[in-house]
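Coordinate analysis (summary)
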Amino acid sequence: MPDPAARDAAEEASAFSHPAVPPDATAAYGDHPDQIVDLYAPRTGGGRAPLVVVLHGGAWRAPYDRQHISPFADFLARRGFAVASVEYRRGPGLPHQGGTTPVAGRWPETFDDVAAALDAVPELAAAHLPQADPHRTVLTGHSAGGQLALWAAARHVLPAGSPWRLPAAPALRGVVALAPIGHFDRARELDVCGGAVTQLLGGEEAYDERAAATDPARLLPTGIATALVQGRADLTVPAEVADAFVEAAAKAGETVGLTLLEDVGHFPLIDPAADACAVVAEELAQLAF
């Protein structure tokens, strides 16, 4: 049996080995340099294509931007999807107090940006990606981006008074979350990404109040078709987090699909060289086509 840590390192190296793929267009949804969306046209001909909106991961931390997921966006474009890859403000890049890793997230800017981007994508796609069919939009995200994808699909059930709340469900065919940090309490118990969830919400004192409006497991049911893809061998966001989200959904009366991939870790889900990436594309296709 291969060493789990060695396999994880090899999978991460493979996922990050692909050169960044430039988009066909880039459009701004705000004035901040991080408030931009990269747009990829479908590489297959004929007709309008479903639109996949991608939210990258990286523990909401500054060193990880949309560039690392651009090969995945290109992979989806080559599978016939139109793709909008969203950038958003992340942690400030400085180590958190007493730690060595950058702070995770900016409160409330990370959520401000995701809400603004999702609101702007239909207009941006119409202007810069005419091949996209906004009536067949699917939302996806990996890791921390999976949390943001689940959250963005639940904005219509946010607490009353939330600045991000939508008056009705977003116009989505569904959401496919890839190894998402979708259950904050379980992720904190497992110390996922070195306390990133607590940092995202601004510390322990603010956790309970802010988690009520940001933890996908507390924003159920949504009525939006939802599927999770998770590697059983994931050391970064363990499968227990996905299990906890699915259980929370069931308790809320909602069925969430869960595809568990044997002998697969965290990074193959976005690695065009991995079989797991093809599984992700198929999950998206089942909702979009």
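Calculation criteria
- Residues numbered from 1 in each chain as written.
- Predicted model: local features only at pLDDT ≥ 70, side-chain atom pairs only at ≥ 80, totals over all residues.
- Heavy atoms only, no water.
- 1 Å grid on protein atoms, 1.4 Å probe; cavity = no way out; pocket = protein on both sides within 12 Å on 5 of 7 lines; lining within 4 Å.
- Points joined across faces, edges and corners; volume = space filled by probe spheres on them.
- Nonpolar A, V, L, I, M, F, W, Y, C, P; charged D, E, K, R; others polar.
- Helix = DSSP H or I, 4+ residues; strand = E, 2+ residues; numbered from the N terminus.
- Phe/Tyr/Trp six-rings, centres within 6.5 Å; stacked < 30°, edge-to-face > 60°.
- Buried < 20%, exposed > 50% of the residue type's maximum accessible area, 1.4 Å probe, protein only.
- Salt bridge = Lys/Arg side-chain N within 4 Å of Asp/Glu carboxyl O.

Okay, the layout of surface pockets next. Size it by volume and the largest pocket reaches roughly 340 Å³. Forming the boundary of the largest pocket are 19 residues, of which Gly58, Ala59, Tyr64, Cys193 and Thr236 lie nearest the centre. Split by residue class, the lining of the largest pocket holds 8 nonpolar, 9 polar and 2 charged. In terms of lining residues, the second largest pocket is bounded by 15 residues, among which Leu118, Pro122, Pro170, Ala171 and Leu172 are the most central. For the lining of the second largest pocket, the elements supplying multiple residues, two or more each, are strand E3 (49–55), helix H3 (109–128) and strand E5 (132–142).

What follows concerns the packing of aromatic side chains. The description of an aromatic ring pair rests on the distance of the ring centres and on the angle between the ring planes. Applying the stated criterion across every chain yields a total of 7 aromatic pairs. Judged by centre distance (5.8 Å) and plane angle (70 degrees), the rings of Phe16 and Phe267 are edge-to-face. Of the two residues, Phe16 sits in the loop between helix H1 (4–15) and strand E1 (25–28) while Phe267 sits in the loop between strand E8 (257–261) and helix H9 (275–288), which places them 251 residues apart along the sequence. Residue class for Phe267 comes out buried when judged on its relative accessible area of 10%. On the numbers, 5.4 Å between centres and 50 degrees between planes, the contact of Phe81 with Phe289 is tilted. Of this pair, Phe81 sits in the loop between helix H2 (70–78) and strand E4 (82–86) while Phe289 sits in the segment after H9, and the two are 208 residues apart along the sequence. Given a relative accessible area of 1%, Phe81 falls into the buried group.

The subject of this paragraph is the pattern of salt bridges. This model, assessed by the stated rule, comprises 17 salt bridges. For the salt bridge of Asp74 with Arg43, the shortest nitrogen-to-oxygen distance reads 3.3 Å. Of the two residues, Asp74 sits in helix H2 while Arg43 sits in the loop between strand E2 (36–40) and E3, which places them 31 residues apart along the sequence. A salt bridge links Arg218 to Asp185; the shortest N-O distance between them is 3.2 Å. Of this pair, Arg218 sits in the loop between helix H7 (204–211) and strand E7 (226–231) while Asp185 sits in helix H5 (residues 184–189), and the two are 33 residues apart along the sequence. For Arg218, a relative accessible area of 35% translates into the label partly exposed. A single salt-bridge network, built from bridges that share partners, covers Asp34, Asp38, Arg66, Glu87 and Arg90.

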